[in-house]
Amino acid sequence: MKLPIGKSDFSISATVSSRDKTIGIWLNILGSNAKDNYDKLYSAGYEKSFDEVNQDLNWDRMEGRKMCAVILKTSGDFSNSEDWDNQFEWFKIHLEKYQKFFKPIIMKL
């Protein structure tokens, strides 16, 4: 599922992986200026992001690809419906943190 975050070359994705048994959130940075936008975002938010979003963020410039991302994953077997409430709560908390932290920075880029 992709969610807008204010600019067309940026989006947030909520992901599930049955293979890895993980759930995650990706801030996707796309387009012809992806690397430049990533570098600007990195300069503006890298240090604070670990305190305000999550200490386990993975900032990935994805060298050799046409995109970059800021990724957060946790264990979660989406096929286990008994754990859905916990997984949905994790998504809610962290999607809100992504929006609150990254959107103002992105809007200034």
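Here, every reference points to the structure presented above.
Figured I'd write up the structure that's included with this text. (Residues numbered from 1 in each chain as written. Predicted model: local features only at pLDDT ≥ 70, side-chain atom pairs only at ≥ 80, totals over all residues. Heavy atoms only, no water.)

Observations regarding the nonpolar core
In step 1: One finds L27, L41, L57, V70, Y98 and F102 to be the most contacted residues of the largest nonpolar core, which totals 25 residues.
In step 2: Per-element accounting of this core gives the leading share, eight residues, to helix α2 (residues 84-108).
In step 3: Apart from residues lying up to four places away in sequence, Y98 is in contact with I5, I12, I25, W26, L27, V53, L57, V70, I71, L72 and K103. (Core = buried A, V, L, I, M, F, W, Y, C linked by side-chain atoms within 4.5 Å. Buried < 20%, exposed > 50% of the residue type's maximum accessible area, 1.4 Å probe, protein only. Helix = DSSP H or I, 4+ residues; strand = E, 2+ residues; numbered from the N terminus. Contact = heavy atoms within 4.5 Å.)

Some points on the side chain of Q87
In step 1: Examined against the element boundaries, Q87 turns out to sit in helix α2.
In step 2: Look past the residues within four positions of Q87 in its chain and what remains in contact with it is I23, G76, D77, F78 and N80.

Side note on α2
In step 1: The end-to-end C-alpha distance of α2, which contains 25 residues, comes to 36 Å, matching closely the 36 Å that a straight helix rising 1.5 Å per residue would cover.
In step 2: A maximum bend of about 35° is found in α2 at F102, where proline P104 lies one to four positions downstream.
In step 3: For α2, the set of buried residues is Q87, W90, F91, H94, L95, Y98, F101, F102, I105 and I106.
In step 4: Buried-residue contacts for α2 involve β1 (2-4), β2 (10-17), β3 (22-29), α1 (34-52), β4 (58-60) and β5 (68-75). (Expected span 1.5 Å × (residues − 1). Bend = angle between axes of the 7 residues up to and from the residue.)

Focus on the pairing of β5
Both faces of the sheet carry side chains from a regular strand, because those side chains alternate between them.
In step 1: One ladder, built from eight bridges, connects β3 with β5; its direction is antiparallel. From the neighbouring strand, I23 faces β5, where its bridge partner is T74.
In step 2: Inspection of the sheet shows β4 paired to β5 by three bridges, in the antiparallel sense. Bridge pairing in β5 links N58 to I71. (Pairing = 2+ DSSP bridges.)

Observations regarding unusual backbone geometry
In step 1: Despite not being glycine, K21 has its phi angle at roughly 55°, a positive value.
In step 2: Tracing the backbone shows K21 in the loop between β2 and β3.
In step 3: Its identity is not glycine, yet M62 carries a phi of approximately 50°, on the positive side.
In step 4: Here M62 shows up in the loop between β4 and β5.

Limitation: the analysis is restricted to geometry and does not speak to function.
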